[in-house]
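# Observations on chain architecture
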Amino acid sequence: MKTDPDRPSPGGYLCLVLHAHLPFVRHPESDYMLEETWFFEALTETYLPLLSHLSGLADDHVPLRLTVSLSSTLCTMFADELLQERYARYLNRRIALAEREIERTAGHSEFSQSARMYHDRFRQCRRQYEEVYGRNVIGAFRELQERGILEIITSSATHAFLPNMQQSPRAVRAQVRVAVDYHRSLFGRAPAGMWLPECGYFPGLEKDLYKEGIRYFFIDTHGVLHADPASVYGIFAPIVCTGAPVAAAGRDPESSRSVWSADDGYPGHPLYREFYRDIGFDLDIDYIRPYIDPAGIRVQTGIKYYRVTDRSDPEKQPYRRLDALRTAQEHAGHFMHHREQQIKRAAPLMDRPPLIVAPYDAELFGHWWYEGPEWLNFLFRKIAFEQDTITLVTLSDYLERHPDSQRSEPSFSSWGEGGFSKMWLNESNDWIYRHLSRMEERMTECAVAFPNAAGLLKRSLNQMARELLLAEASDWAFIMKSGTMVDYAVRRTKEHVANFLRLHEEVKKNSVDENFLAYLEFCNTIFPDIDYRVYGNDV
Amino acid sequence: MASVKETDNASGAKSPLPPRPAAVIDRAYPREIPALYNETYLRALPREEGQFFSFWEISAETLRSLSKGHPEISPKTWQTLIRIYEVEQRGAERTERPVGSAIPVGEGEGSRYLQVPREDREYRVELGMQSGSGTYAAVCSSEDIRMPAARVQEIIKHPDFHADTPALTRISLENASAPVVAEAGGSTEQSSTGPRGTVVTSPVSPWSDHENRS
């Protein structure tokens, strides 16, 4: 669906991007794994609500263009039967908990209203997931793309931070190619764009992207502002890389800050729901035990009764849903107004309409910022009906309208702390790169040495490729630095390194333990159609 | 809301599971990984505009070869050194200039964060051995690495595109530093407090904060 052709020429464009990603977490060997709940929480609070709002917008014929990046690891989990079954059980337990909460809070009207809200939400999620989508979340996204409101792009195969892999060109190529191939198998078409994990770009990366059919990517503000030669339009237009004709669009920091900032961004508003007061931590352990980790470890349940509250107030106050929704509507208007002002400031200085690129992690909307999906809904409706300055576009739309862009080389950059690599390269996680570099070399050597493997050997080489890709996930290094769930991230990294090295030894000795191989294939099911030769000579 | 079940095809709907293996190995089985690999290599990864991370190893076989080729570099007296070179490539012509003095590497040391003086330049790192008498033998080298740029390039007018680049660059940077304050009640006033001239580069990942506080 294109924007209304009768609408007067726009003052400028707004390209909103939601990047949806979670690391591949799947533990068939255990009945319960805390880390799998990351996925269940995101489904409940972000992906299903977003799909619901987007479908409503499409049904109401609201002109809308939105870019959604779906990482391969996330898509794999969407499609996984085991995780689908576990999610269904998770939802049923949440509904049961909400029913108990309705009873427990019957004497407190504000909490009771919230309890009913959660009950309704969980039931709505179940109806959506089971009856409307038939557990096919990928199909739901695909349908929205076919209806013309979404452009779905991909990210690197396991969300590897590519600048830290630039010394292993074949590994970089594999991350790009495997992702593009998998995306094509899911959505019936190759992605036009790629979300570089953490906006991590290094000069020359565009050549690998171009070879795989990628025509644009997003980078952080300084990746464009520090480009050589200087970007004529600042960040208000993409540049096309000198190394290969792939467009790079820079993040607008003002629109970013208004949503991301913990201090003065929208999500920190006193009337919004407080993330950290969850009944999984607040209520008596015996009451909550049936609904948390079976080992009795307190976890988030998704049921929270308090609002952020003014900082001056020592106690958190009860959440009031209607007040929060009114605030979300006001904030949507505020955001829209400031984008209009930005466009009006920049437009007279340019010979084309300015472009504002506003990318966010999708999980911010709904999981961290509970009212985020509603804010988006309000925003899209306001943009459609309350103004004439902004036109929503994807970068494909922009490039179709403005095919001539300045050639320039973007600068090495990321949106992580400090703007370069240090979030993924510091004393907490630098130890991993020795192992990754050895694995990447071994994988390439094997791919070249065995160009036509079959049977058990082929299975082993394909599984080596999976273990390498999983070890390269930037999530582990990020978690090690952020200090949360570090044991799990270290364990996952070591597991994949050890699995790979053992398979490699067995391949070298021509004595593969089929039982061990089958176990890895059973657990690490990502990229079922992977071809290890992606690490070999150019194919 | 349209149902997608009827339009569903195999793509994306289900991912068939491989068969359950005959024996499920306890996930707690030891996942030992080597500390080192007994191979010779040197890698360098840019970290920020003036710093990169380097890691290396020298295999026993390389050391033996070195001893044979350079008997004057006795294992008992040799010193492992890191040398950094600034690389300039102009067409086919390549020049290298040493950066600072060679850096001694401690015994057992396998990685280090290293400083370079200039952003937006290429560097190469080399690991070598030196005897007490000053004989030096290079052991291994990194690929050239490009350090990131940390400033806006000099303004260049482009003949095909017409814009007030300095003003647009200034607006881009000002945008980064103007905090947005949205009050309940819908105020659309922007606060004028906050640092100026810095580029916002670090959104907080919801997952890191989520886990940090739980």
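Just above sits the structure.
All of the points below concern the structure found in this document.

### Comments concerning the overall build of chain A
When its secondary structure is counted, chain A shows 19 helices and 10 strands. Viewed in the frame of its principal axes, chain A has a C-alpha envelope of about 70 × 65 × 45 Å. Scored against the burial criterion, the 539 residues of chain A give a buried share of 70%. Considering only intrachain contacts with a sequence separation of at least 6, the fraction spanning at least 24 residues in chain A is 80%. In the structure as shown, chain A presents an accessible area of about 16,700 Å², 48% of it carried by carbon and sulfur atoms. Seen as two clouds, the 62 positive and the 76 negative side-chain charges of chain A have centres 1 Å apart.

### Here we look at the packing of helix α1 (residues 37–59) of chain A against helix α5 (residues 137–146) of chain A
Residue and element names in this part refer to chain A. Contact pair α1 / α5: the axes reach a minimum separation of 11 Å and the direction vectors enclose 30°. Judged by the angle between their axes, α1 and α5 are roughly parallel. Note on packing geometry: the crossing formed by α1 with α5 is left-handed. For the pair α1 and α5, the contacting residues are Leu 43, Leu 48, Leu 51, Leu 54, Ser 55 and Ala 58 in the first and Val 137, Ala 140, Phe 141 and Leu 144 in the second. Of the residues belonging to the contact of α1 with α5, the class tally is nine nonpolar, one polar and no charged.

### Some words on the pairing of strand β1 (residues 12–20) of chain A
Taken residue by residue, a regular strand's side chains alternate between the two faces of the sheet. Residue and element names in this part refer to chain A. Among the nine residues that make up β1, nine are buried, leaving the element largely enclosed by the rest of the structure. The alternating pattern of β1 places Gly 12, Leu 14, Leu 16, Leu 18 and Ala 20 and Tyr 13, Cys 15, Val 17 and His 19 on opposite faces, both of which are buried. Pairing of β1 with strand β9 (residues 390–392), which is carried by three bridges, proceeds in the parallel orientation. Paired with Leu 14 across the two strands is Leu 392, which belongs to β9. As defined by bridge partners, β1 adjoins strand β8 (residues 355–361) across seven bridges and the pair is classed as parallel. For Leu 14, the partnering residue across the bridge sits in β8 and is Ile 356.

### Some words on the nonpolar core
Counting residues in each nonpolar core, the largest one holds 206 residues, and the members touching the most others are Phe 218, Tyr 360, Trp 375 and Tyr 535 of chain A. Top element by residues in this core is α1 of chain A. It accounts for 12 residues. Not counting chain neighbours up to four residues away, the residues in contact with Phe 218 of chain A comprise Cys 15, Val 17, Ile 153, Met 194, Trp 195, Leu 196, Cys 199, Ala 249, Val 357 and Leu 395 of chain A. Counting residues in hydrophobic clusters, the runner-up holds 21 residues, among them Leu 42, Phe 52, Val 116 and Val 125 of chain B.

### Observations regarding the sheet that holds strand β5 (residues 111–115) of chain B
Read across the open sheet, the three strands follow the order β1-β2-β5 (chain B); overall the sheet is antiparallel. One side of each edge strand has no neighbouring strand; the edge strands of this open sheet are β1 (41–48) and β5 of chain B. Between one strand axis and the next, the sheet turns by 25° as a mean value, whatever way the strands run. The sheet contact formed by β1 of chain B and strand β2 (residues 51–57) of chain B spans seven bridges and is antiparallel. If you follow Glu 48 of chain B over to β2 of chain B, its bridge partner there is Gln 51 of chain B. Packing of helix α15 (residues 432–449) of chain A onto the sheet brings it into contact with β1, β2 and β5 of chain B, and relative to β1 of chain B it is tilted by some 125°.

### A word on the side chain of Asp 278 of chain A
All names here are of chain A. Looking at the element boundaries, Asp 278 is found in the loop between α9 (253–260) and α10 (279–282). Among the polar contacts listed, one links the side chain of Asp 278 to the backbone nitrogen of Gly 302, at a separation of 2.8 Å. Discounting chain neighbours no more than four positions away, the residues touching Asp 278 are Val 299, Gln 300, Thr 301, Gly 302, Ile 303 and Lys 304.

### Describing the packing of α9 of chain A against helix α12 (residues 321–346) of chain A
Residues and elements named next belong to chain A. Closest axis-to-axis distance for the α9/α12 pair is 10 Å, and the angle between their directions is 165°. As summarised for this structure, α9 and α12 are arranged roughly antiparallel, according to the angle between their axes. Crossing handedness for the pair α9 and α12: right-handed. Counted together, Glu 254, Ser 255, Ser 258 and Val 259 of α9 and Phe 335, His 338, Arg 339, Gln 342 and Arg 345 of α12 form the full contact between these two elements. Residues of the contact of α9 with α12, tallied by class, amount to two nonpolar, four polar and three charged.

### Side note on helix α13 (residues 372–385) of chain A
Residues and elements named next belong to chain A. For α13, with 14 residues, the first-to-last C-alpha span of 20 Å sits near the 20 Å given by 1.5 Å per residue. Counting buried positions over the 14 residues of α13 gives 11, a clear majority of the element. Buried within α13 we find Gly 372, Pro 373, Glu 374, Trp 375, Leu 376, Asn 377, Leu 379, Phe 380, Lys 382, Ile 383 and Ala 384.

### Describing unusual backbone geometry
Outside of glycine, negative phi angles account for most residues, and trans bonds account for most peptide bonds. Residue and element names in this part refer to chain A. Residue Pro 229 follows Asp 228 across a cis peptide bond; omega there is 0°. Mapped onto the secondary structure, Pro 229 falls in the loop between α8 (221–225) and β6 (239–241). Located in the positive-phi region is His 61, a residue other than glycine, with phi close to 55°. Residue placement: His 61 occurs in the loop between α1 and β2 (66–70). Under the relative-accessibility criterion, His 61 is labelled exposed at 60%. We note that Met 485 has phi near 50°; this positive angle belongs to a residue other than glycine.

### Quick look at the pattern of salt bridges
Applying the stated rule across the entire model yields 51 salt bridges over all chains. A salt bridge links Arg 26 of chain A to Asp 80 of chain A, with the shortest nitrogen-to-oxygen separation between them at 2.7 Å. In this pair, Arg 26 of chain A is assigned in the loop between β1 and α1 and Asp 80 of chain A in the loop between α2 (72–79) and α3 (81–104), connecting sequence segments 54 residues apart. Across the pair, Asp 80 of chain A and Arg 26 of chain A agree in class, each one buried. Within this structure, Glu 86, Glu 88, Arg 90, Arg 97, Arg 118 and Arg 121 of chain B form a network of salt bridges that share partners.

### Quick look at the packing of aromatic side chains
Applying the stated criterion to the full structure yields 41 aromatic pairs over all chains. For the pair Tyr 233 of chain A and Phe 161 of chain B, a centre-to-centre distance of 6.0 Å together with 75° between the ring planes defines the contact as edge-to-face. Residue Tyr 233 of chain A is located in the loop between α8 and β6, and its partner Phe 161 of chain B is located in the loop between β8 (145–146) and α3 (165–177); the two belong to separate chains. The residues Tyr 233 of chain A and Phe 161 of chain B share a single accessibility class, namely buried. Measuring from ring centre to ring centre gives 6.4 Å for Trp 424 of chain A and Phe 478 of chain A, while their planes differ by 35°; the resulting arrangement is tilted. Of this pair, Trp 424 of chain A sits in the loop between β10 (407–408) and α15 while Phe 478 of chain A sits in helix α17 (residues 474–482), and the two are 54 residues apart along the sequence. Classification of Phe 478 of chain A by relative accessible area gives buried; the value is 16%. Members of the aromatic cluster, each reached through a chain of ring pairs, are Phe 39, Phe 40, Tyr 47, Phe 78, Tyr 87, Tyr 90, Tyr 129 and Phe 141 of chain A.

Reading the values: the criteria
Residues numbered from 1 in each chain as written. Chains lettered and ligands numbered in written order. Predicted model: local features only at pLDDT ≥ 70, side-chain atom pairs only at ≥ 80, totals over all residues. Heavy atoms only, no water. Helix = DSSP H or I, 4+ residues; strand = E, 2+ residues; numbered from the N terminus. Buried < 20%, exposed > 50% of the residue type's maximum accessible area, 1.4 Å probe, protein only. Contact = heavy atoms within 4.5 Å. Areas by Shrake-Rupley, 256 points an atom, 1.4 Å probe, with all protein chains shown as cover. Lys, Arg positive; Asp, Glu negative; His and termini not counted. Charge placed at Lys NZ, Arg CZ, Asp CG, Glu CD. Axes fitted to C-alpha atoms, helices over the stretch in contact; angles between N-to-C directions. Parallel < 35°, antiparallel > 145°, perpendicular 65-115°, else oblique. Left-handed = near helix turned anticlockwise from the far one by under 90°. Nonpolar A, V, L, I, M, F, W, Y, C, P; charged D, E, K, R; others polar. Pairing = 2+ DSSP bridges. Core = buried A, V, L, I, M, F, W, Y, C linked by side-chain atoms within 4.5 Å. Polar contact = N/O pair within 3.5 Å; in protein donor to acceptor, adjacent residues only side chain to side chain. Expected span 1.5 Å × (residues − 1). Salt bridge = Lys/Arg side-chain N within 4 Å of Asp/Glu carboxyl O. Phe/Tyr/Trp six-rings, centres within 6.5 Å; stacked < 30°, edge-to-face > 60°.

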